[in-house]
Amino acid sequence: MNRRVVSKDERVHHRLITLPFSLYNEKARWALDRYTVPYREEPHMPFVCSIAVAVATRGRGGSADRTSSRYSTPVLILNDGRILTDSTDIVHFAAAGDDSLFPNAEVSELVDHYGDQLGPYTRLLAYWHLGSHPGMIEQLAADNVGRREAWAFKRIVPFVGSQLTRALNLTESGHDRALTRLRQELDDTASRLEHRNYLCGDRFTAADLTFAALLAPALCLTPEEGFGAILPARASLDEEAQSLIREVRSHPAGQFALRIYAEERRRVVA
Ligand SMILES: N[C@@H](CCC(=O)N[C@@H](CS)C(=O)NCC(=O)O)C(=O)O
């Protein structure tokens, strides 16, 4: 899949280092696409993406937070040398000049809330199910990163698997807690939406973008639905994973995220 060439003008592109199928990366990519920021994506697999970040930032990385390490993605290397190492910073950068994406503190608080309270749990559930499907992470590599990296990644899958298990607490109790937290966030989000069309009122904001992007793996969105990378085909998943996806897709908050993708993921704001 060739997603590297976004800008026609090679002189002005920024570099976006990603873990392509990751939710925080999708959030950043969505904002850059929306505001037609010229960038070239450099997609990498787990672990490899951290090395790419270390190299691009000359070892400095960004700052760790509750959900990530100093070497997490997305990282946007601007063509003037500045480096943005957090998805929310990248969304702010992309939307600069358009106040409608971050109109007030409520929106910013909700963006942070979903970053802390939704993203880590959809991510854990996605890796949990990935781990129970032999060969699937290799297929993700084949579908989303360069051929050479996909080939090399196959050789380090066991090592990356054990790193992910440790870093994300991929245990039975971690899984159960993630499921409980995901369901809680879905219910809370649906309550917010009872009397409004968007999470913070009557207009699309960064809160809607963040919620939809961070829920994307649990919806198992396709490129046709607007997702900017390739997730496993739903039909290739076992019944437990498919049933979770059905549950999320039919939940009012999941329905909302699907609507936001359909209406806003390909919208371009001049
Ligand atoms: N708060 C960060 C979270 C980013 C994050 O957790 N990225 C993950 C991918 S989903 C990652 O790169 N993990 C590898 C690592 O942290 O070393 C953001 O919003 O940018």
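For the structure, see preceding data.
Residues numbered from 1 in each chain as written. Predicted model: local features only at pLDDT ≥ 70, side-chain atom pairs only at ≥ 80, totals over all residues. Heavy atoms only, no water.

Draft legend 1. Main features of the overall build of the chain. Check the secondary structure of the chain and you find 11 helices and 4 strands. On C-alpha atoms alone, the chain measures out to a radius of gyration of 18 Å, which is about the 18 Å that the 2.2 N^0.38 rule sets for 270 residues. Taking the principal axes of the C-alpha coordinates as reference, the chain spans close to 50 × 45 × 30 Å. Within the chain, buried positions represent 52% of all 270 residues. In the chain, 74% of the contacts between residues at least 6 apart in sequence involve partners at least 24 apart. Accessible surface, the chain: about 12800 Å² in total, of which carbon and sulfur atoms supply 52%. Distance between charge centroids for the chain: 7 Å, based on 33 positive and 35 negative side chains. (Helix = DSSP H or I, 4+ residues; strand = E, 2+ residues; numbered from the N terminus. Rg over C-alpha atoms; globule rule 2.2 N^0.38 Å. Buried < 20%, exposed > 50% of the residue type's maximum accessible area, 1.4 Å probe, protein only. Contact = heavy atoms within 4.5 Å. Areas by Shrake-Rupley, 256 points an atom, 1.4 Å probe, with all protein chains shown as cover. Lys, Arg positive; Asp, Glu negative; His and termini not counted. Charge placed at Lys NZ, Arg CZ, Asp CG, Glu CD.)

Draft legend 2. Focus on the site of the ligand. Taken together, 15 residues lie around the ligand, and Asp 65, Ser 69, Thr 73, Ser 87 and Arg 123 are the ones closest in. Between the ligand and the protein, one listed contact pairs an oxygen atom with a backbone N or O atom of Thr 67 at 3.4 Å. Measuring from an oxygen atom of the ligand, one finds a side-chain N or O atom of Arg 123 at 2.7 Å. Bound to the protein, the ligand loses 87% of the 510 Å² it would expose on its own. Here the shell around the ligand is composed, by residue class, of 4 nonpolar, 8 polar and 3 charged. (Near = heavy atom within 4 Å. Polar contact = N/O pair within 3.5 Å; in protein donor to acceptor, adjacent residues only side chain to side chain. Nonpolar A, V, L, I, M, F, W, Y, C, P; charged D, E, K, R; others polar.)

Draft legend 3. Highlighting a negative patch on the surface. Side chains of Asp 65, Glu 109, Asp 112 and Asp 116 sit close together on the surface and give a patch of like negative charge. Taking the relative accessible area as the measure of exposure, Asp 116 reaches 30% and is therefore partly exposed. (Patch = residues over 30% accessible without salt bridge, like charges linked within 9 Å, V, L, I, M, F, W, Y side chains within 5 Å. Salt bridge = Lys/Arg side-chain N within 4 Å of Asp/Glu carboxyl O.)

Draft legend 4. Up close: the pattern of salt bridges. Scanning all chains against the criterion turns up 15 salt bridges. For Glu 41, the salt bridge identified is with Arg 29, shortest N-O distance 3.0 Å. With Glu 41 in strand E2 (residues 39-43) and Arg 29 in helix H1 (residues 23-34), the pair connects residues that are 12 residues apart, well separated along the chain. Looking at Glu 41, the relative accessible area reads 2%, which means it is buried. Overall, Arg 29 belongs to the buried group, its relative accessible area being 1%. Three or more residues are tied together by salt bridges with common partners; here these are Glu 26, Arg 29, Asp 33, Glu 41 and Arg 265.

Draft legend 5. Structural context of the pairing of E2. Of all 5 residues in E2, 4 are buried, a share of seventy percent or more. The β-α-β motif built from strand E1 (residues 14-18), the intervening H1 and the parallel element E2 has right-handed crossover chirality. (Right-handed = clockwise from strand over helix to strand, strands pointing away.)

Draft legend 6. Representation of the nonpolar core in the model. Core analysis: the largest hydrophobic core is formed by 81 residues, its most contacted members being Leu 182, Leu 199, Phe 211 and Leu 215. By residue number, the principal contributor to this core is helix H9 (residues 206-219), which donates 11 residues. Formed jointly, this core draws a minimum of three residues from each of two domains, domain 1 (14-94) and domain 2 (105-264). Residue contacts for Leu 215: discarding those within four places in its chain leaves Leu 118, Thr 122, Leu 182, Leu 186, Val 248, Ala 253, Gly 254 and Ala 257. Listed in part, the 6 residues of the second largest apolar core include Ile 17, Val 53, Ala 56 and Val 75. (Core = buried A, V, L, I, M, F, W, Y, C linked by side-chain atoms within 4.5 Å. Domains from an automatic or database assignment.)

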